[in-house]
Amino acid sequence: MLGYLLRRVAATLPAVAVVAVLVFLLLRITPGDPAAILAGDAASPEQIARIRENLGLNEPLLVQFFIWLKQIASGDLGESFYFKIRVVDLIAQRLEPTLSLALLTIVVAVLVSVPLGTLAAWRFGGWLDRSLMGFSVMGFSVPVFVLAYILIWLLSVKLGWFPVQGFKRLSDGFGPFLYHLILPAVTLSVIYIALIARVTRASVLEALGEDYIRTARAKGLRESQVLVRHALANAAIPIVTVVGIGVALLIGGVVVTESVYAIPGLGRLTVDAVLARDFPTIQGLILFFSLLYVFVNLLVDLSYVVFDPRIRY
Amino acid sequence: MLNNTNTDGGGFGAPPAASDTGCAGGQNRSAQRSRLSQAGGWLKGKAAVVSMAGLALAACALTLPAVVKAQEKVLNVVPHSNLAILDPIWTTAYMSRNHGYMIYDTLFGTDAKNEVKPQMVETWLVSADRKVWEFKLRDGLEFHDGNPVTSEDVIASLNRWGKRDAMGVAMYSFVDRLETISVNRFRIVFKEPCGFVLEALGKPSSNVPFIMPKRIADTDPFKQIAEHIGSGPYTFKADEFKPGDKAVYLKFRNYKPRPEPASGTAGSKEVFVDRVVWNLALRDGQAGLSALIKGEVDILEQVAFDLYESATKESAISVLKPTIGLQYMCRFNHLHPPFNKPEVRRAALASFSQEAFLRAQVGVKELYKPCPSMFTCGTPYGSAIGTDVQSKSNMKLAQELLKKSGYDGTPVVVMKPTDLMSITKLPDVAAQLMRQAGFKVDLQAMDWQTLVSRRAKKDAPAQGGWNMFCTAWVSPDIWSPINNAALDSRGEKSGWFGWGEDAKLEELRAQFLRATDDEGKKKLAEQIQSRAFEVATHAPVGEFVQPVGLRKNITGLNVSGLANIYWGIRKD
């Protein structure tokens, strides 16, 4: 297991290095001058040139790249052009809202979708199954912002049950933290409920056709035991994979939800950084997201051992 | 010009009234049920009501801590954009300017009648030859760190501003030296009489000559300041500042407001709230309005045009229209064909019916008005003199002018920012009108930041340059021939994109800089405008106001339109 872990970690290094080089180069060939953006609309070309020089953007590309590599090697992602804050600190500031939202969303999605998907498979072709399939289509189709506006109008503005917007940190208390997070998490979970429920349904359906299910039933086990201990447990690997990918996607890309609910997270930071051509922040974020993907995938792979005893690393 | 928190009122810090949370007694529960039934008949079944009630109970349990939180007067504001740069001299971004008004003070201010009034200055004297100006600061001015404001601080601040701001640079071209006379008196000695000293020192928009402590003002003007201490009505809570999340300001208890009533950026800057929180995370217009209606925020700096009508129907909020607005402008690139010829530019100008731009971009009749003046209608230099080519524009005239100009069919590259809703439709209208006039138009879509970078390029359009872009300016940034960047006609030496060149216009502007009497200035401004239309430096394409939304319990908001400022506001 340890050997596998080390091999996997070692294998991530070239991948991250390639991502780093690509991001660095792509940003430099993308149209847009950070200095012109920072200077404001009324700045003269001379003023923009001075700012460009101060940011080190006049240095040859290779020099800029090696400066950045040197910074990364020392654990420093540099300083944001736009926010004038160390990128590491910027990411740290925004990590809690995004991580909280992502985890709560996945928890809500798993708690709803796995039982639904399992029941739909059990009652394949019945009203529950058909309803779930219908809901899945709707869940995939309704844009997140539309759903968000409807929920805000109904549950916040009309009924006053939840705040329209904002985020409270865990340090402000668990109550306020959860209260502000429920509506965004519910909004965001709809698409994941649809996705995970469909995957669960398909996997459980496949498992239910296996011989060991017939054996379990022949042994006289209750249907709930057959479903949970035999069918669902054996169908877990694809579900865990989808959940893992979902977590990684949520951490990197909940821009719309963060915007509508005013959650100061990583998605919004990424958009702001891209719009401002804030090279150090974009580079730092992409590196962070790459490492996160690798880490989550590693966790998912390791979790297979738990769900399938035949797998050994 | 475009630059494009959870708040403590967001449910916990300053919670909504109990009835709003749905956690009150029987009467409120009854109101709750009534609201439930008003929700459009969405929740018909018992099961739905029961599950909703369950959610409500959970929400009640979670909100309980909010009720016991101590109350302080917190003003929750949703600004029009994010605040990232905290140095209002380093950038011209309006958010940085507004931040500047919170924590810094100015020597002079501009009142609601657009007249310059003393602010930190108590008295001033001008020598007979108008070359020496002496200023005395008010007593009791104090920085947030407890140090008194001295003339050394003022001189250092002006010196830094004079290296960055267009009007500051213009004023400093007249300056011989600045001298300290005493702790609270200083002198500016000019090489020759300068006609806009007070206008420059009291200018309300970017870059505003804010006064900082000398140790901060001594920072290289091309590097951002690292400390944020001023002598203005609010102190900045640097430890609570999170760009993209929130900026917090506290009432500066030692601030000594002027006795005159607040007006524009002048007069009393008395503060009636303890704390102002700028919600920098809430940038969705619809969600912002919902938060305002629900009472989670007190002021929404920009109510989107498409939400204006529904906002005005909400009983809990007011929607105000600023007195002075903004101007939409389309700028020609004078360096490259076809707009290197004034005749071609005039043809485009003649095709630009302002109503078409305004109807497409703003859409709400009461929020816009056509105005051909380059200096904003209703301001001292706003007039219709020399504007015939546009004020009486029509397509036939445009077609004739284009035919006479010898236009050879060179495509006009118009840059369209797709992500900036406030101006995104202007290029479409410009392109369509020019096509009707006979131009061949290449409308290129891009994001605003790409546009900002590309417009700085002097290359030919085929090599990545451009022919035209449209933008918007707040009135104070264009209402004078000195700071109206599009009138700078020094060619490639010109400070602003488009690089217009016209010796006669520059001569008139030079005279304006030296004019010292109001009547003479007005006449020169008229001549400058006439000449600018003659050579078609740019095209003003209409004016509009950006409505502000606020809760009914908020009074005293300054809607002069000069800047977004937050003193004089009461929250009942």
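Residues numbered from 1 in each chain as written. Chains lettered and ligands numbered in written order. Predicted model: local features only at pLDDT ≥ 70, side-chain atom pairs only at ≥ 80, totals over all residues. Heavy atoms only, no water.

### Considering the pairing of strand β21 (residues 548-551) of chain B
All names here are of chain B. In β21, alternate side chains face the same way, and those of V548 and L550 on one face and G549 and R551 on the other are all buried. Strand direction decides the pairing type here: strand β13 (residues 299-300) and β21, joined by 2 bridges, are antiparallel. Bridging from a neighbouring strand, I299 pairs with L550 of β21. Sheet analysis places strand β14 (residues 317-320) next to β21, joined by 4 bridges and oriented antiparallel. Along β21, the bridge assignment pairs V319 with G549. (Buried < 20%, exposed > 50% of the residue type's maximum accessible area, 1.4 Å probe, protein only. Helix = DSSP H or I, 4+ residues; strand = E, 2+ residues; numbered from the N terminus. Pairing = 2+ DSSP bridges.)

### Quick word on the state of the cysteines
Residues and elements named next belong to chain B. Taken as a whole and assessed by the stated rule, the structure comprises 2 disulfides over all chains. Disulfide partner of C330: C470, at an S-S distance of 2.2 Å. Its S-S torsion of approximately 90° makes the covalent link between C330 and C470 right-handed. With C330 in strand β15 (residues 326-332) and C470 in strand β19 (residues 468-474), this residue pair connects regions lying 140 residues apart in the sequence. Here the two residues C330 and C470 agree in accessibility, since each one is buried. Here C371 connects covalently by a disulfide to C377, the sulfurs 2.0 Å from one another. In this structure the cystine formed by C371 and C377 twists about its S-S bond by roughly 95°; its chirality is therefore right-handed. (Disulfide = S-S within 2.5 Å.)

### As for unusual backbone geometry
Residue and element names in this part refer to chain B. Here the bond from S206 into N207 is cis, since omega is -15°, no more than 30 degrees from zero. Residue placement: N207 occurs in the loop between α7 (197-201) and β9 (210-211). Following P337, the chain continues to P338 via a peptide bond in cis, the omega torsion being 5°. Counting through the fold element by element, P338 comes out in the loop between β15 and α11 (342-351). Of note, the phi angle at T376 is positive, near 75°, even though the residue is not glycine. With respect to the secondary-structure elements, T376 resides in the loop between β16 (368-369) and α13 (388-391).

### Quick word on the sheet that holds strand β8 (residues 185-190) of chain B
All names here are of chain B. Strand order across the open sheet formed by 4 strands is β5-β6-β8-β7, with antiparallel pairing between neighbours. Of all strands in the sheet, those bounded by a partner on one side alone are β5 (121-126) and β7 (175-182). When strand polarity is set aside, the average angle formed by the axes of neighbouring strands in this sheet is 20°. As paired strands, β7 and β8 are joined by 6 bridges and run antiparallel to one another. (Axes fitted to C-alpha atoms, helices over the stretch in contact; angles between N-to-C directions.)

### A word on the confidence of the model for chain A
For any part of a model where pLDDT is low, the fine detail of the predicted coordinates should not be relied upon. Mean pLDDT over chain A works out to 88, with 99% of the residues at or above the 70 mark. Mean pLDDT across the elements of chain A bottoms out in helix α2 (residues 34-39) of chain A (80) and peaks in helix α8 (residues 174-208) of chain A (94). (pLDDT = per-residue confidence, 0-100.)

### Focus on the domain arrangement of chain A
Residue and element names in this part refer to chain A. The assigned domain composition of chain A is domain 1 (12-73) and domain 2 (94-307). Distance from the C-alpha centre of domain 1 to the C-alpha centre of domain 2: 36 Å. Contact with domain 1, which involves 16 residues of that partner, is made by 11 residues of domain 2. Between domain 1 and domain 2 lies a buried interface of about 1200 Å² when both sides are counted; carbon and sulfur atoms form 79% of it. (Domains from an automatic or database assignment. Contact = heavy atoms within 4.5 Å. Buried area = accessible area lost by both parts, 1.4 Å probe.)

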